[in-house]
Amino acid sequence: MIRLGVIAVIVLLFSGCRDNQPEYEIPVTATGFSLPDSIRKMSEKAKKESILGRMLFFDPIVSRDSSLSCGSCHLPAAAFGDRLPVSIGVQKRLSGVRNTPPLFNLFWRSSFFKDGGIPRLEQVAIAPMQSHKELDLPLEQLSLRLQQHPGYVKRFEQVYQQLPDPYTITRSLAWFQRSLVSGSSPYDHWLAGDSSALSQEARQGFSLFISNGCAQCHTGLAFSDDRYYHIGLPTEGIDYGRSQISIKWEDYGKFRVPTLRNLSFTPPYMHDGSIPTLDSVVSYYVRGGSGHPLQDKKIKAFQLSDTGKRALISFLEALNDSVFISWPSYQPTPSDYQD
Amino acid sequence: MKKLLFFVLLLGLQACKDPEVTNPGPVPVAGTTSLNLQLEHYFGNEAIVLNQFTYNTGQNTLGFSNIQYFISGVQLKKADGSWISVPGYAQFTAQSISSGTTQFTEVPKGLYEGIRFNIGVDSVANHTDPSIWPNGHPLSIMEGGPMHWSWNSGYIFIKVEGQYEIPGNPMGGFAYHIGRDDLLLEVKEEGIVLNLQENPASVIFRMDLKKYFNDPNTFTVSPETSFTHSTVNDTVADQLFQNMHSMMTLVAVNP
């Protein structure tokens with residue numbers, strides 16, 4: 001009995017020692033799910049950066065009045081989006097005119113934001129921090145704020161050997177976001193050879209997804225061709241879309257094709273959050289969009305029975321990854337803030 | 001032999017020591033001198049005093065609260081007609097004074113016959129991650145945060161901000177933020193004698209904001225035209241950019 005007790009104490013002691021090491025793992029993905037090596041075999045440095053990024057991501061210290069964090073609008077349970085048409089910024093200001101994008105598998109992206117205005121993940125955090133309608137705390141001010149905070153100074157020096165500044169803040173936030181991997185949906189397991197992972201109805205929906213041309217734009221593992229289209233929703237006087245970046249009139253009202261993964265966690269839909277349910281989104285495309293003069297020619301009306309519609313939605317639901325939204329390394333972690 | 005080995009080992013250990021890190025400031029480079037670029041801000045013949053509401057464009061009465069811009073791509077023309085580049089960026093902020101001087105320290109000594117520079121930032125720097133620049137660098141977010149458009153990965157090349165009045169109407173604010181790769185303004189002056197053979201020299205340019213609102217486009221500030229973020233088909237940005245071509249003039253070259 002005494003011997004058992006001693007062993008238990010030793011095990012506990014060793015467990016305590018392990019707490020000093022970064023405990024940060026990406027979720028297991030379905031076999032064959034393609035990940036870059038930098039993510040699949042994350043270095044210890046990248047894990048430390050991700051932990052620091054997670055700490056910042058969920059800390060309201062990043063907003064002017066310390067009321068909101070990045071995670072206030074990018075909720076893990078909502079696949080790092082939220083469930084509002086448009087998020088609410090500091091002092092209850094509407095954060096703009098666009099629906100908050102979910103965050104995962106960002107390593108597949110060639111640019112960021114719905115208009116593709118940002119070329120690299122390290123720059124993504126700058127806009128919401130600087131925007132008066134979102135966090136309203138420019139990076140230079142956040143840097144000074146963090147430099148007054150011994151806990152952050154210590155952690156930044158441990159990870160980067162330098163004080164919090166725009167460079168290190170954006171690196172750590174980028175690593176946390178880059179590490180958000182969602183590749184364990186029923187569809188992924190079905191692709192990997194588990195024939196029981198998709199129901200008969202979802203498989204029928206997959207056939208309809210292909211035969212009705214959805215995969216022309218929602219293509220590949222990302223379910224997005226990463227290009228920009230006008231899908232017929234009115235944007236006049238509201239949002240220039242891609243043209244704001246390209247300065248080309250033909251890009252007016254175009255937005256990047258979004259992924260279709262994890263849709264059930266991220267209503268409402270479309271770039272402006274104007275369509276509340278998946279059922280309504282499918283109906284919109286079955287109708288052939290709105291007929292807006294700038295609408296892309298690829299969007300055409302098609303026949304779909306009620307059974308077919310249910311099947312198509314069943315397939316879209318098979319792209320949900322419940323492992324991702326509850327993965328422990330991606331959750332707010334109180335121990336991050338303990339000295 | 002042992003002594004030699006010991007000496008080599010000692011040298012090796014010395015090399016492994018962390019170098020002492022200090023901030024040496026600008027280091028003079030052999031064969032180089034300094035060029036001082038002075039920018040004056042005028043409205044017609046009058047030096048601008050910020051927050052003084054007295055400037056009449058013919059369409060409006062204006063006051064300026066902020067004139068802020070980047071200088072980049074400085075080049076000097078040699079006698080053989082070729083242009084040499086002077087490295088460096090500068091950011092002018094006229095929030096409290098009506099003129100400013102910036103110094104470019106790595107100018108090859110020589111006699112030059114022309115100068116050109118950009119108001120704005122070249123396309124490479126414009127699309128570089130702004131957080132990579134160290135504190136103190138003109139392009140650093142710590143310095144120029146308000147001069148960076150976070151949503152489109154680019155810098156605001158020039159800001160002109162203040163208040164305006166149309167007779168008979170209440171006062172309003174204006175904010176003109178010009179920037180985009182295609183809105184980079186080149187300022188060029190040739191046929192000058194710029195003697196940088198030994199000592200530093202100064203070149204003084206004047207920015208005339210009366211021309212910014214009048215030449216060649218007669219521009220009226222109104223609620224509909226009171227701001228620009230240089231977006232697509234932005235007639236405010238396009239008109240003001242056309243006017244920017246006339247607003248810079250050479251005042252003097254010293255010595």
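Keep in mind that what you see is a predicted model, and the values were worked out from it rather than measured.

Undergrad: What is the right way to look at the overall build of chain B in this model?
TA: Check the secondary structure of chain B and you find 5 helices and 16 strands. Put simply, 74% of the contacts in chain B that link residues at least 6 apart link residues at least 24 apart. On chain B, roughly 12200 Å² of surface is accessible, and the fraction owed to carbon and sulfur atoms is 54%.

Undergrad: So what exactly am I meant to see when it comes to the overall build of chain A here?
TA: Secondary structure summary: chain A contains 13 helices and 2 strands in total. Over its C-alpha trace chain A gives a radius of gyration of 22 Å, about what one expects of a compact globule, namely 20 Å for 339 residues. Considering only C-alpha atoms, chain A reaches an extent of 70 × 50 × 30 Å along its principal axes. At a minimum sequence separation of 6, the contacts of chain A that also span at least 24 residues come to 66%. Counting every atom, chain A has about 15900 Å² of accessible surface; 57% of that belongs to carbon and sulfur. Placing the 35 positive and 33 negative side-chain charges of chain A at their respective mean positions leaves the two points 2 Å apart.

Undergrad: For this particular structure, what's the right way to read helix α12 (residues 306–317) of chain A?
TA: Each full turn of the α-helix corresponds to 3.6 residues, which orients residues three or four apart in the same direction. With 12 residues, α12(A) extends 16 Å from end C-alpha to end C-alpha; this agrees with the ideal 16 Å at 1.5 Å per step. Contact partners of the buried residues in α12(A): α8 (186–191), α9 (200–211) and α11 (278–286) of chain A.

Undergrad: How should the interface of chain A and chain B be read in this particular structure?
TA: A common way to report how large an interface is uses the accessible area buried once the components associate. Contacts between the two partners involve 25 residues from chain A and, on the opposite side, 20 residues from chain B. Summed over the three residues of chain A that lose the most area to chain B, namely Q130(A), E140(A) and I247(A), the buried surface amounts to 25% of that side. Applying the counting rule to chain A against chain B returns 1 salt bridge. R171(A) is paired through a salt bridge with D129(B); the nearest N and O atoms lie 2.7 Å apart. Taken together, the links from chain A to chain B amount to 5 residue pairs in polar contact (both at pLDDT 80 or more). Looking at the side of chain A that touches chain B, the elements with two or more residues in it are α4 (126–130), α5 (139–147), α7 (166–178) and α10 (243–246) of chain A. Of the residues that constitute the side of chain A that touches chain B, the class distribution is 13 nonpolar, 7 polar and 5 charged.

Undergrad: What's the story with the packing of aromatic side chains in this structure? I'm lost.
TA: What describes a pair of aromatic rings is the distance from one ring centre to the other and the angle between the planes of the rings. All names here are of chain A. Inspection of every chain in the model, using the stated rule, returns 41 aromatic pairs over all chains. Look at W190 and F206: their rings are 5.5 Å apart centre to centre, the planes differ by 80°, and that puts the pair in the edge-to-face class. With W190 in helix α8 and F206 in helix α9, this pair connects stretches of sequence that are 16 residues apart. Look at F324 and Y330: their rings are 5.6 Å apart centre to centre, the planes differ by 65°, and that puts the pair in the edge-to-face class. With a relative accessible area of 0%, Y330 lands in the buried category. By way of ring pairs, the aromatic residues Y24, F57, F58, F80, F104, F176, F324 and Y330 are connected into one cluster.

Undergrad: Sorry, what's going on with the packing of helix α3 (residues 44–57) of chain A against α7(A) here?
TA: Each packed pair of helices is defined by two parameters, the angle between the axes and the distance between the axes. Residues and elements named next belong to chain A. Where α3 meets α7, the closest approach of the two axes is 7 Å, and the angle between their N-to-C directions is 100°. In terms of axis orientation, α3 runs roughly perpendicular to α7. On α7, the residues touching A46, E49, S50, L52, G53, R54, L56 and F57 of α3 are I169, R171, S172, L173, W175, F176 and Q177. Along the lines of polarity and charge, the residues of the contact of α3 with α7 split into 8 nonpolar, 4 polar and 3 charged.

Undergrad: Teacher, can you tell me more about the pattern of salt bridges here?
TA: Between side chains of opposite charge, a pair can form when the charged atoms approach closely. All names here are of chain A. According to the stated counting rule, one finds 20 salt bridges over all chains in the structure shown. Of the charged contacts in the structure, one is a salt bridge between R261 and D188, with a shortest N-O distance of 2.8 Å. With R261 in the loop between β2 (255–256) and α11 and D188 in helix α8, this pair connects stretches of sequence that are 73 residues apart. With respect to class, R261 is no different from D188; both count as buried. In this structure, the salt-bridge partner of R256 is D226, at a minimum N-O distance of 2.5 Å. Within this pair, whereas R256 is found in strand β2, its partner D226 is found in the loop between α9 and β1 (228–229), the two being separated by 30 residues in sequence. Accessibility classification places R256 together with D226 in one group, the buried group. The structure contains a network of salt bridges with shared partners spanning E25, E44 and K47.

Undergrad: What is the right way to read the pairing of strand β4 (residues 61–77) of chain B from this model?
TA: Along any regular strand, the residues point their side chains to alternate faces of the sheet. All names here are of chain B. The buried fraction of β4 amounts to 14 of the 17 residues, a majority that puts the element mostly inside the structure. Across 2 bridges, the pairing between strand β3 (residues 55–56) and β4 is antiparallel. Residue pairing across strands places N56 opposite T61, the latter belonging to β4. Linking β3 to β4, which pair antiparallel, is a turn of 4 residues; within it G58 sits at a positive phi near 105°. When β4 meets strand β6 (residues 90–93), the two strands line up antiparallel, connected through 4 bridges. Directly across from I71, in β6, lies its bridge partner A90. The sheet contact formed by β4 and strand β8 (residues 110–119) spans 5 bridges and is antiparallel. Following the sheet pairing, L76 is matched in β8 by I115. Bridge count for β4 against strand β5 (residues 83–86) is 4 bridges, and the pairing is antiparallel. Looking across to β5, one finds that Q75 is bridged to S85. Once β4 ends, the chain turns through 5 residues before running back antiparallel as β5, passing G81 with a positive phi of about 90°.

Calculation criteria
- The residue numbers shown here count from 1 along each chain, following its written sequence.
- For naming, the first written chain is A and the first written ligand is 1, with later ones following in the order written.
- Whole-chain, interface and lining totals are the exception, using all residues; otherwise, since this is a predicted model, local features are given only for residues with pLDDT of at least 70 and side-chain atom pairs are given and counted only at 80 or more.
- Note that water and hydrogens are dropped before the side-chain values are worked out from all heavy atoms of the structure.
- Secondary structure counts use DSSP, requiring at least four H or I residues in a row for a helix and at least two E residues in a row for a strand, with both numbered from the N terminus.
- For this analysis, residues touch if any pair of their heavy atoms sits within 4.5 Å.
- Working definition of accessibility: Shrake-Rupley area with a 1.4 Å probe, residue cover restricted to the visible protein chains.
- Throughout, radius of gyration means the C-alpha value; the globule benchmark is 2.2 Å times the number of residues raised to the power 0.38.
- When charges are tallied, Lys and Arg are placed among the positive residues and Asp and Glu among the negative ones, while His and the ends of the chain are skipped.
- Each charge is placed at NZ for Lys, CZ for Arg, CG for Asp and CD for Glu.
- An expected span of 1.5 Å times one less than the residue number is assigned to each helix.
- A 1.4 Å probe defines the accessible area here, and the buried area is the portion of it lost by two parts on being joined, summed over both.
- Any carboxyl oxygen of Asp or Glu within 4 Å of a side-chain nitrogen of Lys or Arg constitutes a salt bridge here.
- Whenever a nitrogen or oxygen atom comes within 3.5 Å of another N or O atom, the pair is scored as a polar contact, on the condition that within protein one atom can donate a hydrogen and the other can accept it, and that pairs from neighbouring residues in sequence are kept only if both atoms are in side chains.
- Under this grouping Gly is polar, as are all residues other than the nonpolar Ala, Val, Leu, Ile, Met, Phe, Trp, Tyr, Cys and Pro and the charged Asp, Glu, Lys and Arg.
- Any two rings among Phe, Tyr and Trp, with Trp reduced to its six-membered ring, count as a pair given centres within 6.5 Å; such a pair is stacked if its planes are under 30 degrees apart, edge-to-face if over 60, and tilted if neither.
- For every residue, the accessible area (1.4 Å probe, protein chains only) is compared with the maximum for its type, and the residue is labelled buried under 20%, exposed over 50%, or partly exposed between those bounds.
- Axis definition: a line fitted to C-alpha atoms, limited for helices to the stretch in contact. Angles are taken between N-to-C directions and run from 0 to 180 degrees.
- Note that the term roughly parallel is reserved for angles under 35 degrees, roughly antiparallel for angles over 145, roughly perpendicular for angles of 65 to 115, and oblique for everything else.
- Note on pairing: DSSP must find at least two bridges between two strands before they are called paired.

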